[in-house]
Amino acid sequence: MPVVNRIADYADEMKGWRRHLHAHPELEFDCHETAAFVVARLKEFGVDEIHEGIATSGVVAIINGQGEGPTVGLRADMDALPMDEVSGVEYASEVEGRMHACGHDGHTTMLLGAAKYLAETRKFSGRVALMFQPAEEEGGGGEVMVQEGVMDKFDVKEVYALHNVPGIPFGEFHTKPGPIMAAVDTFTINIQGTGGHGAYPQDTVDPVVAAVAMVNAIQTIVSRNHDTRNEAVVSVTQIHAGSVSNVIPDLGMINGTIRTFDKDVQTMIHRRLNEIVTGTAAAYGLKAELDLDVNYPATVNSEKQTAFAADVARDIAGEGAVNDAQDMEMGAEDFSYMLESRPGSYLFLGAGEGAGLHNPAFDFNDDVAPIGASFFARLVETAQPLK
């Protein structure tokens, strides 16, 4: 594994950074202590500019290369998840109800490793913008950073990100041009009926039977209204109504998730949901309201930048350790907003065997951090070589 030799020298230091971050997780936009740790390291490295308080607690650092040239953006997410840790490691979360179960502590560490190397060597032209982002798991920090003008303010031309994945062989890179992760929407249906005694249903307007009818119809959207050659998922995940066996309730609630890659498919599903809710409510003589939370869009990699990133990955991992025809994933990622704003690419980095993402036993594989940092560093040097 041809890790950049100088970055290999940082391996123990990077492990210390990562384990500190792992023990001190923060949620959503409230990543102030994490940001302070990042800023302290960046100052030690001697980066040229540090901009704080972006998207509440985000950080952008600028490193100038030698000579004129464009700016390439590198992004790492910093936030953790609201769950208890059961990994048993000595550096486990010190905060009850929070843990780094998705490896964002490792992503931040990889970008810090690249920052140290790039600030020290500066074997590139132009600039690199290092973007440490809060609120990837919940809140859309990537969107907020774009809305606050990071791409324009720092003149970012292209943008790249990595995500560790347990289960992919250690050190392998997987990516693809075009859609790689899905858009995610959440739907909630609130049903208003008229409750009463379960022995006298004729005196009620039953939201339970209306909810069942809606669920059955919703689960036919993909199988009957959708061209199955375009991937889509609609899943009802919650139904709530009633509390005792002999009472027909007033209210019912249905909740679920939508995953799509194509905006036309997404629009069709939204339309059919509205038709099903409206039509079923009319058929059963009650009221129903559909609430659609349109969340992260699909993560769509640019073709040119993805081919380039895959070539850089081959330089790091070898020809046989790069899959540039990765299957599309139904998970979602708010790096999608950055890719809507600028061309770029999102890649998965294999972490080897271990507990999966969002698992309470998960722990980032520290051995993969120098590989990710080397990829980021080599990408900048290759994209913007010295003239």
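Attention here is on the structure that accompanies the text. (Residues numbered from 1 in each chain as written. Predicted model: local features only at pLDDT ≥ 70, side-chain atom pairs only at ≥ 80, totals over all residues. Heavy atoms only, no water.)

What to know about the overall build of the protein chain
Note the threshold: To qualify as a helix, a DSSP run of H or I must reach at least 4 residues; to qualify as a strand, a run of E must reach at least 2; elements of each kind are numbered from the N terminus. Exposure classes here rest on a 1.4 Å probe applied to the protein chains alone. A residue is buried below 20% of its type maximum, exposed above 50%, and partly exposed in between. To measure how exposed things are, a 1.4 Å probe is used in the Shrake-Rupley method; for residues, cover is taken only from the protein chains shown.
On a plain count of helices and strands, the protein chain comes out with 12 helices and 16 strands. With the principal axes as the frame, the protein chain shows a C-alpha extent of 80 × 45 × 40 Å. Across the 387 residues in the protein chain, those meeting the buried criterion constitute 53%. Entry remark: accessible area of the protein chain is about 15,900 Å², with carbon and sulfur atoms responsible for 48%.

Quick word on the environment of Thr 194
Heads up, the rule is: The criterion used for residue contact is that any of the two residues' heavy atoms lie within 4.5 Å.
Note on placement: Thr 194 falls in the loop between strand E8 (183-192) and strand E9 (196-197). Under the relative-accessibility criterion, Thr 194 is labelled partly exposed at 41%. Here the alpha-carbon distance between Thr 194 and Val 205, two residues 11 residues apart in the chain, equals 4.7 Å. Other than its neighbours up to four places away in sequence, Thr 194 contacts Thr 204, Val 205, Pro 249 and Asp 250.

Description of the sheet that holds strand E6 (residues 173-174)
Rule in force here: Strands pair, by our definition, only if DSSP identifies at least two bridges between them.
Within the open sheet, the 8 strands sit side by side as E1-E2-E4-E3-E5-E16-E6-E15. Their pairing is mixed. In this open sheet, the two strands that pair with only one neighbour each are strand E1 (49-54) and strand E15 (322-323). For E6 and strand E16 (residues 344-350), the ladder comprises 2 bridges, and the chain directions are antiparallel. Considered in E16, the bridge of Phe 173 is made with Leu 349.

A short note on the state of the cysteines
By definition, a disulfide links the sulfur atoms of two cysteine residues through a covalent bond. Note the following rule: Only a pair of cysteine sulfur atoms within 2.5 Å counts as a disulfide in this structure description.
Scanning all chains against the criterion turns up 0 disulfides. Note on Cys 102: no disulfide assigned, nearest cysteine sulfur contributed by Cys 31 at a separation of 13 Å. When its relative accessible area of 6% is taken as the criterion, Cys 102 is described as buried.

With respect to the nonpolar core
Buried together is how nonpolar side chains tend to be arranged in soluble globular proteins. Rules: We call a set of buried Ala, Val, Leu, Ile, Met, Phe, Trp, Tyr and Cys residues a nonpolar core when their side-chain atoms join them within 4.5 Å.
In terms of nonpolar packing, the biggest core is built from 58 residues, with Leu 42, Leu 130, Phe 132, Phe 173 and Phe 375 touching the most fellow members. The residues contacting Phe 132, other than those within four sequence positions of it, are Val 38, Leu 42, Gly 58, Val 59, Ala 76, Met 78, Thr 108, Leu 111, Leu 112 and Met 145. Residues Ile 62, Met 131, Phe 154 and Met 338 belong to the second largest nonpolar core, which totals 23 residues.

A word on the pattern of salt bridges
Rules: By definition here, a salt bridge exists when the distance from a side-chain nitrogen of Lys or Arg to a carboxyl oxygen of Asp or Glu is within 4 Å.
Applying the stated criterion to the full structure yields 23 salt bridges. For Glu 44, the salt bridge is made with Arg 41, and the minimal N-O distance between the two is 2.8 Å. Separated by 3 residues within a single helix, Glu 44 and Arg 41 lie in helix H3 (residues 32-45), roughly one turn from each other. A relative accessible area of 13% places Arg 41 in the buried class.

Quick look at the sheet that holds strand E10 (residues 232-241)
Rules: Convention adopted: a line fitted to C-alpha atoms gives each axis, helices being fitted over their contacting stretch, and angles between N-to-C directions are expressed from 0 to 180 degrees.
In space, the 4 strands of this open sheet follow the order E10-E12-E8-E13, with antiparallel pairing throughout. Sheet topology places E10 and strand E13 (287-294) at the edges, where each strand pairs with a single neighbour. Neighbour-to-neighbour, the strand axes of the sheet open up by a mean angle of 15°, direction not taken into account. In the sheet, E10 pairs with strand E12 (residues 251-260) via 9 bridges, with the strands oriented antiparallel. The residue bridging Ile 239 from the neighbouring strand is Ile 254, located in E12. Contacts between helix H7 (residues 207-218) and the sheet are confined to E8, E10, E12 and E13, with E8 contributing the most and set at about 155° to the helix. Packed on one face of the sheet, helix H9 (residues 263-284) meets E8, E10, E12 and E13 and runs near 165° to E13.

What to know about the packing of H3 against helix H4 (residues 104-121)
The condition that has to hold: For classification, angles of less than 35 degrees are called roughly parallel, those exceeding 145 degrees roughly antiparallel, those between 65 and 115 degrees roughly perpendicular, and all remaining angles oblique. Working rule for handedness: look at the near helix, and if it is turned counterclockwise from the far one by less than a right angle, call the crossing left-handed; if clockwise, right-handed. Three classes are used: nonpolar for Ala, Val, Leu, Ile, Met, Phe, Trp, Tyr, Cys and Pro, charged for Asp, Glu, Lys and Arg, and polar for all others, with Gly counted as polar.
The contact between H3 and H4 brings their axes to 9 Å, and the two run at 15°. Classified by the angle their axes make, H3 and H4 are roughly parallel. In this structure, the crossing between H3 and H4 has a hand that is right-handed. Of H4, the residues touching H3 (which contributes Phe 37, Val 38, Arg 41, Leu 42 and Phe 45) are Thr 108, Leu 112, Ala 115, Lys 116 and Ala 119. The residue makeup of the contact of H3 with H4, split by class, is 7 nonpolar, 1 polar and 2 charged.

With respect to unusual backbone geometry
Phi at Arg 122 is positive, roughly 50°, even though this residue is not glycine. Phi at Ala 135 takes a positive value of approximately 60°, unusual for a residue other than glycine. Along the chain, Ala 135 turns up in the loop between strand E4 (127-133) and helix H5 (141-147). On the basis of relative accessibility, which here comes to 0%, the residue Ala 135 falls in the buried class.

So, helix H2 (residues 11-23)
Rules: Here, expected helix span is obtained from the residue count minus one, scaled by 1.5 Å.
For H2, spanning 13 residues, the distance from its first C-alpha to its last is 18 Å, which sits close to the expected 18 Å at 1.5 Å a residue. Residues of H2 that are buried: Met 14, Trp 17, Arg 18, Leu 21, His 22 and Ala 23. On its buried face, H2 sits against helix H1 (5-8), H3, H4 and helix H12 (369-383).

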